[in-house]
Amino acid sequence: MPASLIMSRRDLDFLLHEWLDVVSLTSRPYYAEHSRETFDAVLDLAEQMATKHFATHNRRADAHEPHVGPDGRVVLVPEVAAALEAFTGAGLLASDFDEDLGGMQLPAVVSRALHVWFQAANVGTSSYPFLTMANARLLVAHGSPELVDTWVRPMVRGRFFGTMCLSEPQAGSSLADITTRAEPRADGTYRLTGNKTWISGGDHELSENIVHLVLAKVPGGPPGVKGISLFVVPKFLLDENGDPGERNDVVLAGLNHKMGYRGTTNALLNFGEGVHRPGGQAGAVGFLVGEENQGLAQMFHMMNEARVGVGLGATALGYTGHLHSVQYARTRVQGRPIGAKDPATPQVPLIEHPDVRRMLLAQKSYVEGGLALGLYCAKLGDDQRTAATPEERAAAGLLLDVLTPVAKSWPSQWCLEANSLAIQVHGGYGYTRDHDVEQMYRDNRLNPIHEGTHGIQALDLLGRKVVMRDGAGLRLLLDTVAATTARAAALDGEPAEFAARLDAVFARIGATTRRLHGTGDPRLALANATPYLEAVGHAVVAWTWLEQLLAAHGRTGAFYEGKRAAARYFFRWELPGTGPQLDLLDSLDTTLLDAAPEVF
Amino acid sequence: MNIVVLVKQVPDTWSERKLTDADHTLDRDSADAVLDEINERAVEEALLIKEAQGGEVTVITMGPDRATDAIRKALSMGADKAVHLSDPALHGSCAVQTAKVLATLVGTVEGAELVIAGNESTDGRAGAVPAMIAEILGWAQLTQVRKLEVDGTTVRAERETDTGIANLEASLPAVVSVNEKINEPRYPSFKGIMAAKKKPVSTLTIADAGIDASEVGLANATTTVLEAAPKPPRTAGQRVEDDGTGGTKVAEFLVGQKLI
């Protein structure tokens, strides 16, 4: 196949094998059926399928966004269904589920690597199976065996698709304020009434059924988030054979019209308004997951995985934009070098201009750094589940907890910036719909918003993750980084130079964290959480670059020179930016607290 | 019905393909190796017949150790087992030698009645090996096939060439070579990838297969490459200025190239 503009298989192989040594996971019983051979085969499959079935309708699905037809059904371009049939038919939706559920027990790190192909090729179409996988994983973790048999098995086979219904028109980030009610019935089911919005994949005709996971409050429960429960609410109730039968009382109220991600339907759903009357009564029939009032904790189990997935989705879009802009910069001739302006000489490709190289190196350092971070977090998830000892599993879980807000937010911010730079490299052409980079930017603009906004992630990191268990998570992060810098320091040259810089930045992060929480005033400590998230994010990604530099050490050739160039760029051009951010934080600046609503 | 599919690992057509300076054989290190795309269609056709009529699909290849990747792909699509002939003595074998070797291997597959192959590989492009195998085995040959039907012991095929379509019919056993129109090959499924690891692959040397070293290899080949030169770089295209006659000139160009 020609060199792909979707993803770099070479980089994936480097990260998976030369850095993370994922084949070593196959020594664990859970992954024993796998080998380098199966990992390579599924990545080959992902590349072929993403290229042939997903990339091919990415632009068309964007130009012809989903709409509601005269019969009330959602209409999508037909290529979406065809692509998803190929995806589920090959068993990719089942990739990392247990074998007894029909899954393949693929390590999450490899599963994520294969899924970035689809996210980069067509993020809109790939959302449907990804939402379904997240939904099914949540039910496997928290649902009864009956719920798993009834709903997870058809999802893993691709017959049913899944959604997450959290937000309501009046309650987005603030889930404490949701008002959807779930009334218990004598038969153990519940009847739900309320409105949910921003429901990706909320309605469509792509699957036999849609399994909504809905947050709602049971009357009489505790106030706020402690009174939230989680329910399975299917679009169709099942008949005695487990096939979709009677229509449940959940209906499409309308579709949102978005800036990007247009291939994914995004719905406002009404529950329990009596449009359909299952069993002769109004109210959407729901099945409780686990116990009442545990809904938010259960949902966050999924959200944490979804956040790493969002970060990788942002990375995938940044990555494909980078590859497109490199190709453009190599082929588009424009202008002449400084000092050789004779109009009689031929023009040079864009890539010959230093400032274009700046934009390409910036993109490269963002997208390859983001990919490294996302795959590292996915491997922590594997370690959390399958490492040899309870201590190793707990440590992996703790480090993953600390890194999750960074793994979600950093790529959402900087791989979006990579898309902006990809447009810039294309000049005016990049701003037109004739080139794919403009859609990538629009698609990626969602990622700092959904699954917990950038600001929410900042509060999560500074307000919870670095202080939980008396700072154990932050200490583990610092120890992990210190182990890397010790190895790098032993090598002299650039690795040692960068290790020293990284040690200094993390020492400051430790001190700044203590200073902020030492105020004893949460309002003051958390007011500037966003620059804290961003500084920690840059430091963590610099660490992934030092790790990559070590993995590339002693290797020659253009690929490894590229790794060294990008690492150099990140340490010299990007990491120093954390200094002013940490200065601002150390100053306990109150500009934001002081700016009363009247000043705007 | 037991079917044999011949597969070949070839250099990726998107790579820069080279011959070695030493003996003008393929420089295998210069390019990525992939399962020849036309072989995927051959495998697909065999699987379709198997799914409709039962039987077993055996994949046969000759090539260096890394040709295992091509075998695994065919097995992950659904083929049942494989025979891999790998021996340094095969290096530089010509089409006739290759056909003789493959015919010998076909003879080792119990109950094989039908051989399916691609019509030509993307590297050698001789397009003659399937016909030669049929000749050696004394089986019917149906080559350049775009549509295939097996009905009992009868094979019917549409043969497509530059001059037209021929409808062929033959009795089994037969050798069939297929072209790009025969079908759309399936993707290997995840289950297929996992199952492929456990499917039997017999790796043989020429001695194991009862082939004498004097019958194969560059030194004994019936054809010799005397000289090879890289293809010249692409020349600049012909530029047409549109002074109102641009459309006509483009049409004339296409007619001149026999494209319309």
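Not measured: the values here are computed from a predicted model.

Colleague: When you look at the overall build of chain A in this model, what are you seeing that I'm missing?
Modeller: A tally of helices and strands in chain A yields 19 helices and 12 strands. The C-alpha atoms of chain A give 25 Å as radius of gyration, which agrees with the globular expectation for 600 residues (25 Å, within 12%). C-alpha extents for chain A along the principal axes are approximately 80 × 60 × 60 Å. A separation threshold of at least 6 residues defines the contact pool for chain A, and within that pool the share at least 24 residues apart is 74%. Carbon together with sulfur atoms contributes 54% to the accessible area of chain A, which is approximately 23,300 Å² in total.

Colleague: What is the right way to read empty space enclosed by the protein from this model?
Modeller: In this approach, a probe sized like a water molecule rolls over the atoms, and the result shows the empty space that is left. All names here are of chain B. As enumerated under the stated definition, the model contains four cavities of 30 Å³ or more in all. Estimated volume of the largest cavity: approximately 60 Å³. Around the largest cavity, the lining residues are Gln9, Val10, Pro11, Leu26, Asp27, Arg28, Ala31, Ala33 and Arg66. In terms of residue count, strand 2 (residues 9-11) provides more of the lining of the largest cavity than any other element does, three residues in total. Classifying every residue of the lining of the largest cavity gives five nonpolar, one polar and three charged.

Colleague: Looking at this structure, how should I read the interface of chain B and chain A?
Modeller: The accessible area lost on association of the parts is a frequent measure of interface size. Between chain B and chain A, the contact holds 14 residues from the first and 22 residues from the second. The contact between chain B and chain A buries some 1,600 Å² in all, and 63% of this surface belongs to carbon and sulfur atoms. Along the contact surface separating chain B from chain A lie three salt bridges. Residue glutamate 37 of chain A pairs with arginine 72 of chain B through a salt bridge whose shortest N-O separation is 3.8 Å. Between the two partners, chain B and chain A, sit six residue pairs in polar contact (both at pLDDT 80 or more). At the level of elements, helix 2 (68-77) and helix 5 (190-196) of chain B are the ones that each hand at least two residues to the side of chain B that touches chain A. For the side of chain B that touches chain A, the leading source of residues is helix 5 of chain B, giving four residues.

Colleague: Sorry, what's going on with unusual backbone geometry here?
Modeller: A negative phi angle is the norm for most residues apart from glycine, just as the trans form is the norm for most peptide bonds. For the bond from leucine 172 of chain B to proline 173 of chain B, the omega torsion is 0°, close enough to zero to count as cis. On the secondary structure map, proline 173 of chain B appears in the loop between strand 9 (164-171) and strand 10 (174-178). The backbone phi angle of glutamate 451 of chain A is positive, close to 55°, even though this residue is not glycine. Not every positive phi belongs to a glycine, and aspartate 492 of chain A is a case in point at roughly 65°. Inspection of the secondary structure puts aspartate 492 of chain A in the loop between helix 13 (468-489) and helix 14 (493-518).

Colleague: Please explain the pattern of salt bridges as it appears in this structure.
Modeller: Close approach of charged atoms lets side chains of opposite charge pair. For the structure on display, the rule yields 53 salt bridges over all chains. Here arginine 385 of chain A makes a salt bridge to aspartate 382 of chain A, at a shortest N to O gap of 3.5 Å. Taken together, the residues span about one helical turn, with arginine 385 of chain A and aspartate 382 of chain A both in helix 9 (residues 354-386) at a distance of three residues. Take aspartate 382 of chain A: its relative accessible area is 0%, and that puts it in the buried class. Linking arginine 186 of chain B and glutamate 44 of chain B is a salt bridge whose minimum nitrogen-to-oxygen distance equals 2.8 Å.

Colleague: Any chance you could explain the sheet that holds strand 1 (residues 2-6) of chain B here in plain terms?
Modeller: Strand pairing in a sheet relies on backbone hydrogen bonds, with the paired strands running either antiparallel or parallel. Residue and element names in this part refer to chain B. With mixed pairing, the nine strands of this open sheet are ordered in space as 9-8-7-10-6-1-4-5-11. Whereas interior strands pair on both sides, the edge strands pair on one side only; in this sheet they are strand 9 and strand 11 (201-204). With direction set aside, neighbouring strand axes in the sheet form an average angle of 30°. For strand 8 (residues 154-161) and strand 9, the ladder comprises eight bridges, and the chain directions are antiparallel.

Colleague: What should I look at first to understand helix 8 (residues 295-331) of chain A in this one?
Modeller: Think of an α-helix as 3.6 residues a turn; residues three or four steps apart then line up on the same face. All names here are of chain A. Counted at 1.5 Å a residue, the expected span for helix 8 with its 37 residues is 54 Å, and the 53 Å between its end C-alpha atoms agrees. If you look at helix 8, its biggest bend is around 25°, right at histidine 301. For helix 8, the tally of buried residues reaches 29 of 37 residues, placing the bulk of the element in the interior.

Colleague: What is the right way to read the nonpolar core from this model?
Modeller: Soluble globular proteins: nonpolar side chains tend toward being buried together. In terms of nonpolar packing, the biggest core is built from 183 residues, with Met49 and Phe118 of chain A touching the most fellow members. At 15 residues, helix 16 (residues 529-551) of chain A tops the list of elements feeding residues into this core. Membership of the second largest hydrophobic core comes to 34 residues, among which are Val7, Leu35, Leu114 and Val176 of chain B.

Colleague: Teacher, can you tell me more about the packing of aromatic side chains here?
Modeller: Aromatic ring pairs are reported here in terms of the distance separating the ring centres and the angle at which the planes meet. Residues and elements named next belong to chain A. As enumerated under the stated definition, the model contains 18 aromatic pairs over all chains in all. An angle of 70° between the planes, with centres 4.8 Å apart, marks the rings of phenylalanine 54 and phenylalanine 118 as edge-to-face. A residue pair is termed long-range when its members are at least 10 positions apart, and phenylalanine 54 in helix 2 (residues 36-54) and phenylalanine 118 in helix 5 (residues 108-121) qualify at 64 residues. Residue classification places phenylalanine 118 among the buried positions, given a relative accessible area of 0%.

Colleague: Would you take a moment to explain the pairing of strand 4 (residues 181-184) of chain A for this structure?
Modeller: Along any regular strand the residues' side chains alternate between the sheet's two faces. Where strand 4 of chain A and strand 5 (residues 190-200) of chain A come together, four bridges link them in antiparallel fashion. Paired with arginine 181 of chain A across the bridge in strand 5 of chain A is threonine 193 of chain A.

Colleague: Just to check I follow, could you spell out the confidence of the model for chain B for this structure?
Modeller: In regions of low pLDDT, the predicted coordinates are not meant to be interpreted in detail. Residue and element names in this part refer to chain B. Model confidence for chain B is summarised by a mean pLDDT of 90, while 100% of its residues fall at 70 or above. When the elements of chain B are averaged for pLDDT, strand 3 (residues 33-35) gives the smallest value, 75, and strand 10 the largest, 97. Among the scores for the predicted complex, ipTM is 0.78 and pTM is 0.91.

Colleague: Sorry if this is basic, but what is going on with a nonpolar patch on the surface here?
Modeller: Residue and element names in this part refer to chain B. Taken together, Val255, Leu259 and Ile260 make up a surface patch of nonpolar side chains, about 330 Å² in accessible area. For isoleucine 260, the position within the fold is in the segment after helix 6 (246-256). Judged by its relative accessible area of 63%, isoleucine 260 is exposed.

Cut-offs applied
- Residues numbered from 1 in each chain as written.
- Chains lettered and ligands numbered in written order.
- Predicted model: local features only at pLDDT ≥ 70, side-chain atom pairs only at ≥ 80, totals over all residues.
- Heavy atoms only, no water.
- Helix = DSSP H or I, 4+ residues; strand = E, 2+ residues; numbered from the N terminus.
- Rg over C-alpha atoms; globule rule 2.2 N^0.38 Å.
- Contact = heavy atoms within 4.5 Å.
- Areas by Shrake-Rupley, 256 points an atom, 1.4 Å probe, with all protein chains shown as cover.
- 1 Å grid on protein atoms, 1.4 Å probe; cavity = no way out; pocket = protein on both sides within 12 Å on 5 of 7 lines; lining within 4 Å.
- Points joined across faces, edges and corners; volume = space filled by probe spheres on them.
- Nonpolar A, V, L, I, M, F, W, Y, C, P; charged D, E, K, R; others polar.
- Buried area = accessible area lost by both parts, 1.4 Å probe.
- Salt bridge = Lys/Arg side-chain N within 4 Å of Asp/Glu carboxyl O.
- Polar contact = N/O pair within 3.5 Å; in protein donor to acceptor, adjacent residues only side chain to side chain.
- Buried < 20%, exposed > 50% of the residue type's maximum accessible area, 1.4 Å probe, protein only.
- Pairing = 2+ DSSP bridges.
- Axes fitted to C-alpha atoms, helices over the stretch in contact; angles between N-to-C directions.
- Expected span 1.5 Å × (residues − 1).
- Bend = angle between axes of the 7 residues up to and from the residue.
- Core = buried A, V, L, I, M, F, W, Y, C linked by side-chain atoms within 4.5 Å.
- Phe/Tyr/Trp six-rings, centres within 6.5 Å; stacked < 30°, edge-to-face > 60°.
- pLDDT = per-residue confidence, 0-100.
- Patch = residues over 30% accessible without salt bridge, like charges linked within 9 Å, V, L, I, M, F, W, Y side chains within 5 Å.

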